[in-house]
Amino acid sequence: MHPFYFGTNVKMHQTHADTQRFVRVVAEQSSPVPERQLFLMPPFTSLAGLPELAAESGMWIGAQNMHDADEGEFTGEIAPGMLRALGVEMVLLGHAERRRHFGETDGLLNRKVRAAFAHGMRPLLCVGEDAQERGFGIAHETVARQLKVALHGIQADHTARLIVAYEPVWSIGTSGRPALVEEVLPVLEAIRHTLGELFGARAKEIALLYGGSVNESNCADYAALPVLDGLFVGRAVRQPEDFVHILNLAYQARAKSR
Ligand code: PGA
């Protein structure tokens, strides 16, 4: 039912020119396939004109964050409508780095999720436990709490446009370590369970992705998991050639497992 999602959070890397090159190389080296949906989330400064360029390769463009208000006295912030006016399709909400360095709470994320839907964008909501929460044995409770608050009051008719990414905090970035499939599978199943509690039968319309130190050697293992609909990759695909390479490895593993 879902396409295979494959995308990247560029974080605070890439100039506007770098992003344009990234999109061009991906378009040259991969052809659009209806069964897969690529996406790229570059910095705000790369967004102007990008959705048009990326449309050639069928790639969605997403922002890495946004404010929840329509407009106002919020110096330095970006409003949802500003993104939508540029043709931005998705918005990343609740990434662990936003939670940790910028104090984003689940309550704030609930307002941002609502704002994303109100402006016709697809929220990609990240959840995941940190090392301490895993150590205490409360990974399942942590992701359930994050989902229940951030998705509170969201109508079930939005589910087809909601994307959730499980990103264990201890596995993200240069200080993270790649997770074993058996470490993440129970949490992925717990996420599916919570989404079922929240949305009933319509929960299956929600795409579930995995992220955290996904790389050339582990992408196939994650991609083959039936519970997942795609991968959300960071530093391993910072170069467009690597993006295409890991996409192909993951997509083949996915196709083989079906
Ligand atoms: P990583 O980043 O693949 O470099 O761990 C993933 C993420 O933070 O979304």
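Heads up: the structure comes first, above all this text.
Residues numbered from 1 in each chain as written. Predicted model: local features only at pLDDT ≥ 70, side-chain atom pairs only at ≥ 80, totals over all residues. Heavy atoms only, no water.

## Brief notes about the layout of surface pockets
In this model, the largest pocket occupies a volume close to 470 Å³. Surrounding the largest pocket, 17 residues form its lining, Met-12, Gln-64, Asn-65, Arg-98 and Phe-102 being those nearest its centre. If you tally residues by element for the lining of the largest pocket, the top one is helix H4 (residues 96–102), at four residues. Residue classes in the lining of the largest pocket are distributed as seven nonpolar, six polar and four charged. If you add up the space inside the second largest pocket, you get close to 360 Å³. (1 Å grid on protein atoms, 1.4 Å probe; cavity = no way out; pocket = protein on both sides within 12 Å on 5 of 7 lines; lining within 4 Å. Points joined across faces, edges and corners; volume = space filled by probe spheres on them. Helix = DSSP H or I, 4+ residues; strand = E, 2+ residues; numbered from the N terminus. Nonpolar A, V, L, I, M, F, W, Y, C, P; charged D, E, K, R; others polar.)

## Here's the deal with the pattern of salt bridges
Scanning the model with the defined rule gives 14 salt bridges in all. Salt-bridge contacts for Arg-21 lead to Glu-241; the nearest nitrogen and oxygen are separated by 3.0 Å. One end of the pair, Arg-21, is in helix H1 (residues 16–29); the other, Glu-241, is in helix H10 (residues 240–257), with 220 residues separating them in the sequence. Classification of Glu-241 as partly exposed rests on a relative accessible area of 34%. For Glu-129, the salt bridge goes to Arg-134, with nearest N and O atoms at 2.8 Å. With a relative accessible area of 0%, Glu-129 lands in the buried category. Residue classification places Arg-134 among the partly exposed positions, given a relative accessible area of 25%. Through salt bridges that share partners, Glu-89, Arg-122 and Arg-161 make up one connected network. (Salt bridge = Lys/Arg side-chain N within 4 Å of Asp/Glu carboxyl O. Buried < 20%, exposed > 50% of the residue type's maximum accessible area, 1.4 Å probe, protein only.)

## A word on the pairing of strand S8 (residues 230–233)
On S8, burial covers both faces: Gly-230 and Phe-232 on one face and Leu-231 and Val-233 on the other are all buried. Relative to S8, strand S1 (residues 4–9) runs parallel, the two sharing four bridges. Its bridge partner being in S8, Gly-7 is matched across the sheet by Phe-232. (Pairing = 2+ DSSP bridges.)

## Observations concerning the pairing of strand S3 (residues 60–63)
For a regular strand, side chains alternate in direction, first toward one face of the sheet and then toward the other. Alternating positions in S3 separate into two faces, Trp-60 and Gly-62 on one and Ile-61 and Ala-63 on the other, with burial throughout. Each parallel crossover has a hand, and for strand S2 (residues 36–41) linked through helix H2 (residues 50–55) to S3 it is right-handed. Taken together, the two bridges between S3 and strand S4 (residues 90–93) define a ladder with parallel strand orientation. When the bridges of S4 are listed, Gly-62 appears paired with Met-90. For the segment spanning S3, helix H3 (residues 80–85) and S4, crossover handedness is right-handed. (Right-handed = clockwise from strand over helix to strand, strands pointing away.)

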